[in-house]
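Each chain, written out:
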Amino acid sequence: MHFQRPDPARWLWYAVGGTLADRYRSWVLWDLTASTWVLRHFARVMVLFAPLWLLLLVPGPLSLRFSMVAAGYVTGLYFSLSFMEDACERRLIKHGYPVGLNRRIREEAETGDRAEIVALYASYHQDRSD
């Protein structure tokens, strides 16, 4: 499967919810349907949580500051992991793919066949000019 991967700055933009250029559409589809999609979602979420460490700069006991960071992580991870399929769906829709495509690919494909099925869907949706 050949697709153009975003550079680190563009990936950071994508991780915080930005939409990538059309030349990255195939990569986005692969990113959200690969066998490692849950780990990839987790990595994007960890980028969003990085500013929580600024709570350590708040005046007060160190234990309280670490507790605030931990509470932010626990709460954020709970909601993020609860809604990860919906979040992936919204990312695909933002990049021009139809509703339900990510689930369809994951359900249709065995782990070894996903790359081939993603390439098929990517080429189909790339050739269409909606």
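Coordinates for the structure precede this section.
Before going into details, it helps to say that this report is about the structure given with it. (Residues numbered from 1 in each chain as written. Predicted model: local features only at pLDDT ≥ 70, side-chain atom pairs only at ≥ 80, totals over all residues. Heavy atoms only, no water.)

This part covers the packing of helix α2 (residues 25–33) against helix α3 (residues 37–49). Taken N-terminus to C-terminus, the directions of α2 and α3 make an angle of 105°; their axes are 6 Å apart at the nearest point. The angle between α2 and α3 falls in the class roughly perpendicular. Listed contacts from α3 to Trp27, Trp30, Asp31, Leu32 and Thr33 of α2 are Trp37, Arg40 and Arg44. Grouping the amino acids of the contact of α2 with α3 by side-chain chemistry returns four nonpolar, one polar and three charged. (Axes fitted to C-alpha atoms, helices over the stretch in contact; angles between N-to-C directions. Helix = DSSP H or I, 4+ residues; strand = E, 2+ residues; numbered from the N terminus. Parallel < 35°, antiparallel > 145°, perpendicular 65-115°, else oblique. Contact = heavy atoms within 4.5 Å. Nonpolar A, V, L, I, M, F, W, Y, C, P; charged D, E, K, R; others polar.)

Over its 13 residues, α3 extends 19 Å from the first C-alpha to the last, a length consistent with the 18 Å expected when each residue adds 1.5 Å. Among all positions of α3, only Trp37, His41, Arg44, Val45 and Phe49 are buried. The arc enclosing the buried residues of α3, seen along the axis, measures out at 145°, which places them on a common side. (Expected span 1.5 Å × (residues − 1). Buried < 20%, exposed > 50% of the residue type's maximum accessible area, 1.4 Å probe, protein only. Arc of directions from axis to C-beta.)

On inspection of all chains with the given rule, the structure shows five aromatic pairs. Relative to tyrosine 73, the ring of phenylalanine 49 has its centre 5.3 Å away and its plane inclined at 75°; by these criteria the two rings are edge-to-face. With phenylalanine 49 in helix α3 and tyrosine 73 in helix α4 (residues 62–82), this residue pair connects regions lying 24 residues apart in the sequence. With respect to class, phenylalanine 49 is no different from tyrosine 73; both count as buried. Ring centres of tyrosine 78 and phenylalanine 79 lie 5.1 Å apart, and the angle between their planes is 80°; this geometry places the pair in the edge-to-face category. A relative accessible area of 45% places phenylalanine 79 in the partly exposed class. In this structure an aromatic cluster arises from ring pairing among Phe49, Trp53 and Tyr73. For arginine 25, the ring lying beneath its charged end belongs to tyrosine 97, and the centroid distance is 4.3 Å. The positively charged end of arginine 91 is found above the aromatic ring belonging to tyrosine 14, 4.8 Å away from the centroid. (Phe/Tyr/Trp six-rings, centres within 6.5 Å; stacked < 30°, edge-to-face > 60°. Lys NZ or Arg CZ within 6 Å of the ring centre and 35° of its normal.)

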